[in-house]
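Each chain is listed here by its residues.
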Amino acid sequence: CILRVCNYLQTAFDFVHEFFHFLTQFICDKPNPNLQNLMSKTCIIGGGLTGLVQAWQSQKAGKKVTLLEANDSVGGVLQSEKIDGYLLDYGANTLSLRHQKVARILEELGMLDRSIDANPEASLRFIIRSGKVVSLPHSLSSFFSSPFLSPLGKLRLLLEPFIPKGKKEDESVAGFISRRLGKEALDFAGNPFLSGVYAAKPESLSLKYAFPALQEIEQKHGSLFRGILKSKKNPERLSKSRLISFAGGMQEMPNRIFGLLPAECVQLKTRVIKIEKVENKWKVTSQPQGHQESDETFDQLICAVPASKLLEIEWKGLDGEELLPILAETTHYPLSLVYHGYDRAKVNHPLDGFGFLVPEVENRNILGTLFSSTLFPGRAPENKVLLTTFVGGERQPELANLEDSNLHSLVFEEHQQLLGAQERPCFQKIKRWPNAIPLPDAKMGDRQAAARDLEEGNKGLYFTGSHLCGVSLPNCLEADIA
């Protein structure tokens, strides 16, 4: 009996560890299956990672491709910049490498050998509880000793295999986590981790669109406990997941794809003004910066611009044009990323992990902080540390819009109280995203339906992007358009 209990507890810990990893690193969204069988002459609007991958795949398949990007560089939100010896990532900071297909794509791109693995210390993750930085469980013994949940909260979590299946199809992520794992797990696991992924509250997210795999696991296995552990045996899953980046930051990835495309394929600093359907072809009117407008006609058009930019383009002759506002209706919240560099000796906390996230019930002014210089080498000068802090989102959108000096002071005060920062930062920088992350809320189904109807009614027209397919980087890389 004792042996059986020990085996059950070990299995329970494995589930908890895997579930937390699932929430932080895995967003299971499927690529758009319609982006296939491309015709001979294709225009792709938008040079973010999704648009770049589509251009690369089409080029490999022998298509003639033109990619139009309004900015002076590719990559969209994947931006990296080195300032005074600090390497800043303005979008995603990491890529979770969990599946064979993503690894094969990175290898084909020549990026796998260029990748760097996160510091083993980064496997530790923290949350704030009762005003203190506490570690999440990383072993069976730490599951019982960690104060991340109360004894009753841990007991409720262990009861998950005995909870019946849900019947509500349009359940929120908050409702799902609370029902299966308990209210305390929602408050101190689901809430902070989802604010870290989406800068949103779990009550606003649709389980069907944010984590369809969790919904599928429950329906198939009756338990997350059993289903997630069984998914570890998936042959398409790598035997050991990796958390990676690149020496020059995450922007190396879109820059690499850009470098693989013919120079004439990508037109930067080129704004798309009008798109007109002409006898099942697509006339695109664009204007390079400092030049006059010009027209070109294509057999196929793939629109990969953010939802917020869709209606800035004039659309003419489109069947079902009234669906465009539905397609563009995406919920975003403002988010500010605050970068602080400190003398290492002036921060009391060992910074021995990935970073910490803040549950909403803690009533603090930040969503969380990444220990960026712990995660990967080369992120800060010698004897310095770099911390990346997230402010705003759905929880406190007004804080994202504070003036620079007030925003820096707010973050420093939090670091004083939580990490023991003794002096103001010697380096500071802010990156603001007015429309940060497109939320997979209940409206996502309406957007996807509008996109399907527009594609079915207009031959050669396709829509894609994170507002339709999800925000995960593996999703962008796996899009099959050849």
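Treat the numbers as computed from the prediction; the structure is a model and nothing was measured.

With that settled, the discussion passes to the pairing of strand β16 (residues 335–343). Counting buried residues along β16, 8 of its 9 residues qualify, which places the element largely inside the surrounding structure. Pairing of β16 with strand β20 (residues 427–433), which is carried by 7 bridges, proceeds in the antiparallel orientation. Along β20, the bridge assignment pairs leucine 337 with lysine 431.

Before going further, it helps to examine the packing of aromatic side chains. Per the counting criterion, the structure on display carries 8 aromatic pairs. Connected via pairs of aromatic rings, a cluster forms that spans Phe126, Phe356 and Phe371. A cation over a ring is seen here: lysine 431 above tyrosine 90, with NZ or CZ 5.4 Å from the ring centre.

Reading across from one edge, β10-β2-β1-β14-β21 is the order of the 5 strands in this open sheet, with parallel pairing throughout. Each of the sheet's edge strands pairs with one partner strand only, and the pair in question is β10 (266–267) and β21 (461–463). Across 3 bridges, strand β14 (residues 300–303) lies against β21 in parallel orientation. The residue bridging cysteine 303 from the neighbouring strand is phenylalanine 463, located in β21.

For side chains of opposite charge, pairing can occur when their charged atoms come near one another. Evaluated as defined, the whole model comprises 23 salt bridges. In this structure, glutamate 296 and lysine 41 form a salt bridge, with 3.3 Å as the shortest nitrogen-oxygen distance. Pair noted here: glutamate 296 is in strand β13 (residues 294–298) and lysine 41 is in strand β1 (residues 41–45), with a separation of 255 residues, a long-range link. Where lysine 60 meets glutamate 108, a salt bridge forms, and the shortest distance between an N and an O atom there is 2.7 Å.

To continue, consider helix α6 (residues 173–181). Think of an α-helix as 3.6 residues a turn; residues three or four steps apart then line up on the same face. Taken residue by residue, α6 has Val173, Ala174, Phe176, Ile177, Arg180 and Leu181 as its buried positions. Taken around the axis of α6, the buried residues stretch over an arc of 165 degrees, which confines them to a single face. Residue glycine 182 follows α6 closely and has a positive phi angle near 105 degrees.

Let us now look at the environment of asparagine 348. Here asparagine 348 is to be found in the loop between β16 and β17 (355–357). Remark: the alpha-carbon pair of asparagine 348 and glycine 196, spanning 152 residues in sequence, is separated by 24 Å. Aside from chain neighbours lying at most four places away, what touches asparagine 348 is Leu419, Gly420 and Gln422.

Let us look at the sheet that holds strand β8 (residues 132–135). In space, the 7 strands of this open sheet follow the order β8-β7-β17-β18-β19-β16-β20, with mixed pairing throughout. Bordering the open sheet on either side are β8 and β20, each of which pairs with just one other strand. For this sheet, the mean inter-axis angle between neighbouring strands, taken without regard to orientation, is 25 degrees. Across 9 bridges, the pairing between β16 and strand β19 (residues 384–392) is antiparallel. Note on β19: the bridge partner recorded for aspartate 343 is lysine 384. Packing against the sheet, helix α7 (residues 183–198) makes contact with β7 (126–129) and β17, and its axis sits at approximately 125 degrees to β7.

Quick look at the nonpolar core now. Formed by 55 residues in total, the largest nonpolar core has its most connected members in Leu88, Val173, Tyr198, Leu205 and Phe211. Per-element accounting of this core gives the leading share, 8 residues, to α7. Beyond its immediate stretch of four places on either side in the chain, valine 173 contacts Leu194, Pro202, Leu205, Ser206, Leu207, Ala210 and Phe211. Core analysis: the second largest hydrophobic core is formed by 33 residues, Ile44, Phe246, Ile257 and Val266 among them.

For the rest of this paragraph, the subject is helix α9 (residues 212–221). Of all the residues in α9, the buried ones are Ala213, Leu214, Gln215, Ile217 and Glu218. Directly after α9, the chain includes glycine 222, whose backbone phi takes a positive value near 80 degrees.

Another point: unusual backbone geometry. Residues other than glycine predominantly adopt negative phi, and peptide bonds predominantly adopt the trans conformation. For aspartate 84, which is not glycine, the phi dihedral falls at a positive 50 degrees. Residue placement: aspartate 84 occurs in the loop between β3 (80–83) and β4 (86–89). Accessibility expressed as a relative area gives 62% for aspartate 84, which makes it exposed. Even without glycine at this site, asparagine 363 takes up a positive phi of about 55 degrees. Within the secondary structure, asparagine 363 sits in the loop between β17 and β18 (368–371). Take asparagine 363: its relative accessible area is 69%, and that puts it in the exposed class.

A separate point is a nonpolar patch on the surface. A surface patch of nonpolar side chains, amounting to about 450 Å² of accessible area, comprises Leu152, Leu155, Leu159 and Phe162. In this structure, leucine 159 sits in the loop between α5 (151–158) and α6. Look at leucine 159 and you get partly exposed, because its relative accessible area is 38%.

Quick look at the confidence of the model for the chain now. The pLDDT averaged across the chain works out to 89; a share of 91% of its residues lies at or above 70. In the predicted structure, residues 2–6 sits below a pLDDT of 50 and forms 0 contacts with residues beyond four places in sequence or in another chain. Confidence drops under pLDDT 50 across residues 25–39; counting only partners more than four residues distant or on other chains, this segment forms 56 contacts.

Right, let's talk about the side chain of threonine 369 for a bit. Tracing the backbone shows threonine 369 in strand β18. For threonine 369, a relative accessible area of 1% translates into the label buried. Within the structure, the side chain of threonine 369 is placed 2.8 Å from the side chain of threonine 389, a separation counted as a polar contact. Contact partners of threonine 369, with chain neighbours within four places excluded, come to Gly355, Phe356, Leu387, Thr388, Thr389 and His415.

Look at helix α2 (residues 49–60) against helix α11 (residues 252–260): their axes get within 10 Å of each other, and the N-to-C directions meet at 30 degrees. As judged from the angle between their axes, α2 and α11 are roughly parallel. In this structure, α2 meets α11 at a crossing whose hand is left-handed. For the pair α2 and α11, the contacting residues are Leu49, Leu52, Val53 and Trp56 in the first and Met253, Pro254, Ile257, Phe258 and Leu260 in the second. Of the residues that constitute the contact of α2 with α11, the class distribution is 9 nonpolar, no polar and no charged.

Quick notes on the rules
Along each chain, residues carry numbers from 1 onward, in the same order as the chain's sequence is written. Confidence filtering applies because this is a predicted model: local features only for residues at pLDDT of at least 70, side-chain atom pairs given and counted only at 80 or more, and all residues used for totals across whole chains, interfaces and linings. Water and hydrogen atoms were dropped before computing side-chain values, which therefore reflect all heavy atoms in the structure. When a residue's accessible area, from a 1.4 Å probe over protein chains only, is under 20% of the maximum for its type it is buried; when over 50% it is exposed; and in between it is partly exposed. By definition, any uninterrupted DSSP run of H or I lasting at least four residues is a helix, any uninterrupted run of E lasting at least two residues is a strand, and each is numbered from the N terminus. Any two strands are treated as partners once DSSP identifies two or more bridges connecting them. Here a pair means two rings of Phe, Tyr or Trp (six-membered ring of Trp) with centres within 6.5 Å. Their orientation is stacked below 30 degrees between planes, edge-to-face above 60, and tilted elsewhere. Criterion for a charge above a ring: Lys NZ or Arg CZ within 6 Å of the ring centre, and within 35 degrees of the ring normal. A side-chain nitrogen of Lys or Arg and a carboxyl oxygen of Asp or Glu constitute a salt bridge if their distance falls within 4 Å. Within this analysis, the arc is defined by the directions that extend from the helix axis to the C-beta atoms. Only heavy atoms enter the contact rule, under which two residues are in contact if any of them lie within 4.5 Å. Orientation is described by axes fitted as lines to C-alpha atoms, over the contacting stretch for helices, and by angles from 0 to 180 degrees between their N-to-C directions. Here, the term nonpolar core denotes a set of buried Ala, Val, Leu, Ile, Met, Phe, Trp, Tyr and Cys residues that are joined through side-chain atoms within 4.5 Å. Note that patches include only residues with greater than 30% relative accessible area and no salt bridge, and the join distances are 9 Å for like charges and 5 Å for nonpolar side chains (Val, Leu, Ile, Met, Phe, Trp, Tyr). Each accessible area is a Shrake-Rupley estimate made with a 1.4 Å probe; only the visible protein chains count as cover when residues are assessed. Confidence scores per residue from the predictor, reported as pLDDT, run from 0 to 100. In protein, a polar contact means a hydrogen-donor-capable atom and an acceptor-capable atom, both N or O and within 3.5 Å, with residues adjacent in sequence counting only if both atoms are side-chain atoms; elsewhere, any N or O pair within 3.5 Å suffices. Reported orientations rely on four angle classes, namely roughly parallel under 35 degrees, roughly antiparallel over 145, roughly perpendicular from 65 to 115, and oblique for the rest. Put simply, a crossing is left-handed when the front helix is turned counterclockwise from the back one by less than a right angle, and right-handed when it is turned clockwise. Gly counts as polar in this scheme, as do all residues outside two lists: the nonpolar Ala, Val, Leu, Ile, Met, Phe, Trp, Tyr, Cys and Pro, and the charged Asp, Glu, Lys and Arg.

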